[in-house]
Amino acid sequence: MDLLRDNRILLGVSGGIAAYKAPELVRRLRDAGADVHVVLTAAAARFVSPLSLEVVSEHPVGADLWAPGRDSRIVHTDAGKDADLILLAPATADLIGRIRHGLADDLLATTVMACHTPVLVCPSMNTEMLANPFVRENLAALSADPRYTLLEPGVGLLACGVHGPGRLPDPPEIIEAAAAVLTAKDLAGVRVTLSAGPTREAIDPVRFLSNRSTGTMGFALARAFAAAGAEVTLVAGPVALRTPVGVARRVDVVTAADLLGAVERAWEGTDVLVMTAAVADFRPTTVAADKLKKGDLGAATSMPLERTADVLATMTARPGRDQKLLIGFAAETRDVEGYARRKLAAKGLDWIVANDVAAEGVGFGPGDNAAVLIGRDGAAHPFPRASKEALATRLVAALAPTLAARSRRDG
Ligand code: CTP
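These figures come from a predicted structure and were not determined experimentally.

Visitor: Help me understand helix α9 (residues 171-181) in this model?
Guide: Quick reminder: α-helices carry 3.6 residues per turn. Residues three or four places apart thus point the same way. Along α9, eight of the eleven residues are buried, which leaves the element largely enclosed by surrounding structure. When we look at burial in α9, the residues that qualify are P171, I174, I175, E176, A177, A178, A179 and A180. On its buried side, α9 packs onto α1 (22-31), β3 (85-91), β4 (119-123) and α10 (216-227).

Okay, here's the thing in structure tokens:
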């Protein structure tokens, strides 16, 4: 993941138990390409060692408001101004309250107060504390201010032994949220429906026909569209992936018929349909009610199949199609661009993204991908091999001007 490449992040750590996760978070932020500086509150320094943070960030750690700046610059104003993003993780009830009420009584609160840098707040605390009406009020006040973005805490087993909301989200989620804050909202107001992952067509209660799609590329695109401000409905086949940060809604489906139903229901409120799903083209004509036994099949070695509906072809024939943009994907193992061009024409698409799933080091699963974006006008734009996250960001950036212009025209 290189979602934070060339960004400077000021990580503010306040004194909750989740502060012990800060060194790992610094590492992961740096792996994502960020230059990370750290400021601790006095309470945080009781949970995590400033020395550890200094070693992993490779920068001096700020903790004391009264320590003279090394080069006599006014440290507390510069640290925030120099950053692209201030990340408060964990943000305790105390820190949130102090910021909301304009109290600048330590280096971290002063740093936040003394600049206009966007702030991503990751509240993490005991469940009861999180439910406290004054804490809720402070959180609501921060999220009403466009400078502050809140990342909802996760639900899990907390240090106090209670199972509930209050957990600091894991680094990948924090990184996605940070990247979203740093992304221009070029697609604000654009409604994207995006399908991802495989479908499964049941043979009997324990067996199915499916394919090797993991949904990774589709989920990365859903994240990238949401980061650019689009309202994303993610229609997900059976995959083991967390919903990306910023995705407005997720509809889980299993079969090609479920997927078509979900897309049909979303159609009216969709400006852009992106079909990354690897939809089954065939399903068994009948689904056995009980597990099939070898003996049930007798001498039969083949299974009768029937075609599933082609989702894209169905939707391109629907009323309202001309007000929408349709983007297909073509995962091929040979003559990649040729097949993709034929599918673009046959399915009546605006764009198709072709990728070679047989090439070395790219294709299914986590890791890298490479693609060619082909438009209706026949122009091909190659996207060289990159992580799926980076490729998704680039594809969305390339599509954004047309998508935004189209939705403005129709809106
Ligand atoms: N697709 C669809 N409905 C289907 C099958 C595919 O909407 N029943 C969509 C995919 O989501 C993708 C595009 O069509 O965006 C191309 O899918 P692909 O599986 O590559 O092509 P097929 O149409 O299935 O053609 P073929 O099997 O000949 O490769």
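Visitor: Please clarify how the site of the ligand should be interpreted in this entry.
Guide: Looking at the ligand, there are 15 residues lining it, with M275, A277, F329, K343 and K347 nearest. M275 is positioned with one of its backbone polar atoms (N or O) 2.7 Å from an oxygen atom of the ligand. At 2.8 Å from an oxygen atom of the ligand is found a main-chain nitrogen or oxygen belonging to F329. With the chains in place, 76% of the 570 Å² that the ligand exposes on its own is no longer accessible. With respect to the detected pockets, the ligand is housed in the largest pocket. Elements with a contribution of two residues or more to the shell around the ligand: α12 (311-316) and β16 (325-332). Looking at which element gives the most residues to the shell around the ligand, the answer is β16, with three residues.

Visitor: Help me understand the packing of aromatic side chains in this model?
Guide: To describe a pair of aromatic rings, you give the distance between the ring centres and the angle between the ring planes. A complete count under the given rule lists zero aromatic pairs for this structure. Here the basic side chain of R307 rests over the ring of F282, its NZ or CZ set 5.5 Å away from the ring centre. The cationic tip of K324 hangs over the ring face of W267; the distance from NZ or CZ to the ring centre is 4.9 Å.

Visitor: How do you make sense of the pattern of salt bridges when you look at a structure like this?
Guide: For side chains of opposite charge, pairing can occur when their charged atoms come near one another. This structure, assessed with the given rule, holds 23 salt bridges. Residues D350 and R321 are paired through a salt bridge, measuring 2.8 Å at the closest nitrogen-oxygen approach. One end of the pair, D350, is in the loop between α13 (336-346) and β17 (351-356); the other, R321, is in the loop between α12 and β16, and 29 residues separate them in sequence. Because the salt bridges share partners, they merge into one network encompassing D94, R98, D105 and D106.

Visitor: Which parts of the structure should I look at to understand the domain arrangement of the chain?
Guide: Interface extent is often summarised as the accessible area lost during association of the parts. According to the domain assignment, the chain contains domain 1 (8-182) and domain 2 (191-410). Spacing between the C-alpha centres of domain 1 and domain 2 amounts to 37 Å. In this complex, domain 1 contributes six residues to the contact, which on the side of domain 2 involves five residues. Both sides of the domain 1 and domain 2 interface together cover about 510 Å² of buried area, and 59% of this is carbon and sulfur. Applying the counting rule to domain 1 against domain 2 returns one salt bridge. For R242, the salt bridge is made with E176, and the minimal N-O distance between the two is 3.0 Å. Connecting domain 1 to domain 2 are two residue pairs in polar contact (both at pLDDT 80 or more). Of the residues contributing to the side of domain 1 that touches domain 2, the split by class is four nonpolar, no polar and two charged.

Visitor: Where do I start with the side chain of N355 in this structure?
Guide: Its place among the elements puts N355 in strand β17. You can call N355 buried: its relative accessible area is 9%. Those residues in contact with N355 that lie beyond four places of it in its chain are F329, A330, A331, E332, V336, N369, A370 and A371.

Visitor: What is the right way to look at the environment of A91 in this model?
Guide: Tracing the chain through its elements places A91 in strand β3. Measuring from C-alpha to C-alpha, the distance between A91 and G215 comes to 32 Å, with 124 residues separating the pair along the chain. Setting aside chain neighbours within four positions, we find A91 in contact with S14, I96, V121, C122, P123, S124 and M125.

What counts, and where the lines are drawn
Residues numbered from 1 in each chain as written. Predicted model: local features only at pLDDT ≥ 70, side-chain atom pairs only at ≥ 80, totals over all residues. Heavy atoms only, no water. Buried < 20%, exposed > 50% of the residue type's maximum accessible area, 1.4 Å probe, protein only. Helix = DSSP H or I, 4+ residues; strand = E, 2+ residues; numbered from the N terminus. Contact = heavy atoms within 4.5 Å. Near = heavy atom within 4 Å. Polar contact = N/O pair within 3.5 Å; in protein donor to acceptor, adjacent residues only side chain to side chain. Areas by Shrake-Rupley, 256 points an atom, 1.4 Å probe, with all protein chains shown as cover. 1 Å grid on protein atoms, 1.4 Å probe; cavity = no way out; pocket = protein on both sides within 12 Å on 5 of 7 lines; lining within 4 Å. Sits in = over half its atoms within 2 Å of the grid points. Phe/Tyr/Trp six-rings, centres within 6.5 Å; stacked < 30°, edge-to-face > 60°. Lys NZ or Arg CZ within 6 Å of the ring centre and 35° of its normal. Salt bridge = Lys/Arg side-chain N within 4 Å of Asp/Glu carboxyl O. Domains from an automatic or database assignment. Buried area = accessible area lost by both parts, 1.4 Å probe. Nonpolar A, V, L, I, M, F, W, Y, C, P; charged D, E, K, R; others polar.

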